[in-house]
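The chain contents come next:
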Amino acid sequence: MKKRTKRKMAVLYLLEQGSTLHKNGEIFMIEKEGQLLQKIHAIEIDQIIIFGNISLTTPAINYILEKGIDCVFCNSYGKYHGRLTSTESKFGLLRMLQMQTIINKPRKLEIARSIIKGKMQNQRTLLMRYLRRLNDIEIANSLEVIEKALASLDNCEAIDSLIGQEGIVSATYYRSFKRLLNQEMGFTARVKRPPTDPVNSLLSFGYTLLVYNIQSAVSMVGLDPYLGFLHSNEQARPNLALDLMEEFRPVIVDSLALWLINSHVMTLADFKLPEKPGEMVIITNEGIKKLIHYYEMKIQSKIFHPDANGETSYRHCFELQARCIARVIQNRQKEYKPFLIR
């Protein structure tokens, strides 16, 4: 019997301002001012991410909802606005167990602890790779801080304590991050709102893409993306997706940003610098296209995952980690095991 191969998950990024997504038969068509820009087989698309002023026709919307395609809307800078969601759900029991696990403070704490450990261990691995090349004392000092924080996590008896240790590690990690860059771009620390230098702008946009993909994986598994273990559920944001994103930040976005800058694939020409210091640095349209292109290459590349019994794509790893959370919630697995790079 011929073995059935799993179809690759495909994401359609819509960037052309003023364009419209149509559906004709089984074909998605992107048009602008009467000109056909692109044709794609609709059956190949699992997720659509829309940036800025782009329209969808009613037939396209109906098809997206009918097939359960995750459709994300954000502004042209990548800020999330919302998504198209079908009202159908077959995962009531799983989501009830998810809520019960969150209410159970000891279990919630253990899952949050594993998530933070995974993030710190992957940050440590990334810095160790560069330390071997650079032999930098500040990087070595940061690694000592991470080791101490990892050792202290088992003694944390509250989520706030875990977040405190994570904050200490993130501060020292990003101080070392600037020493890994071979282009001077004004980066000194992680600045989020707004990103005030090209590196922070690149990181923020990359993290935005990452959380969209992980939220899609979480929803696919049947978990509620808004009910998290580490991030506060008091805020209306995809907290579980943000939880699972933590361990993937250094693996996907940080490593990609370093490669893009250090390989001079992206330079200062790919950013719009503000007139006044402290204002937002914006990635140009061409810069966004570069970032998305190499981001997709990254998450489609292969890596070992124990639950896949071998190598699989990073994108599939998002789903596998969501399924790991589901098994813990269902008491089919004792503890959450974060995704770790070697």
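For the structure, see preceding data.
One structure accompanies this document, and this report is about it. Here the residue numbers are simple positions, counted from 1 along each chain's written sequence. Whole-chain, interface and lining totals are the exception, using all residues; otherwise, since this is a predicted model, local features are given only for residues with pLDDT of at least 70 and side-chain atom pairs are given and counted only at 80 or more. With hydrogens and water set aside, each side-chain value is computed from the structure's full complement of heavy atoms.

Details of the packing of helix α3 (residues 105–134) against helix α5 (residues 159–177)
Alright, step 1. Look at α3 against α5: their axes get within 10 Å of each other, and the N-to-C directions meet at 10°. Comparing the axis directions of α3 and α5 gives the class roughly parallel. From α3, K108, L109, A112, R113, I116, K119, M120, Q123, L126 and L127 reach across to α5, where they touch I159, L162, Q165, E166, V169, S170, Y173 and S176.
Alright, step 2. Ten residues, namely Ala, Val, Leu, Ile, Met, Phe, Trp, Tyr, Cys and Pro, are considered nonpolar, four, namely Asp, Glu, Lys and Arg, are considered charged, and the remaining ones, Gly among them, are considered polar. Class assignment of the residues belonging to the contact of α3 with α5 gives a composition of 10 nonpolar, 4 polar and 4 charged. Where helices are involved, their axes are fitted lines through C-alpha atoms of the stretch in contact, as for all axes, and angles between N-to-C directions lie from 0 to 180°. Strands are runs of DSSP state E lasting at least two residues, helices are runs of H or I lasting at least four, and both sets are numbered from the N terminus onward. Roughly parallel here means an angle under 35 degrees, roughly antiparallel means over 145, roughly perpendicular means 65 to 115, and every remaining angle is called oblique. Contact between two residues is taken to exist if any of their heavy atoms lie within 4.5 Å; hydrogens are not considered.

Some words on the packing of aromatic side chains
Alright, step 1. Aromatic pairs are defined between Phe, Tyr and Trp rings, using the six-membered ring for Trp, whenever the two ring centres lie within 6.5 Å; interplanar angles under 30 degrees are classed as stacked, those over 60 as edge-to-face, and all others as tilted. The full count for this structure, using the stated rule, is 10 aromatic pairs.
Alright, step 2. On the numbers, 5.7 Å between centres and 90° between planes, the contact of F28 with Y63 is edge-to-face. Taken as a pair, F28 in strand β3 (residues 27–32) and Y63 in helix α1 (residues 58–67) lie far apart in primary sequence, 35 residues in all.
Alright, step 3. Each residue is placed in one exposure class: buried if its accessible area under a 1.4 Å probe, protein chains only, is under 20% of its type's maximum, exposed if it is over 50%, and partly exposed if it falls in between. Overall, the relative accessible area of 7% leaves Y63 in the buried class.
Alright, step 4. With a centroid separation of 6.0 Å and an interplanar angle of 50°, the aromatic rings of Y173 and F177 are classed as tilted. Residue Y173 and its partner F177 are both found in helix α5; the two are separated by 4 residues, about one turn of the helix. Residues Y173 and F177 agree in their burial class; the two are buried.
Alright, step 5. Here a set of aromatic residues connected by ring pairs shows up, and it is made of Y173, Y174, F177 and F187.

Notes on the packing of α3 against helix α4 (residues 137–152)
Alright, step 1. Close contact between α3 and α4 brings their axes to 10 Å; oriented N to C, the two are set at 155°. For the element pair α3 / α4, the angle class is roughly antiparallel. Crossing hand, α3 versus α4: left-handed. Note on element contacts: α4 touches α3 through I139, A140, S142, L143, I146, E147, A149 and L150, opposite K117, M120, Q121, Q123, R124, L127, M128, L131 and L134.
Alright, step 2. Among the residues making up the contact of α3 with α4, the classes are represented as 11 nonpolar, 3 polar and 3 charged. Take the far helix as the reference: if the near one is turned anticlockwise from it by less than a right angle, the crossing is left-handed, and if turned clockwise, right-handed.

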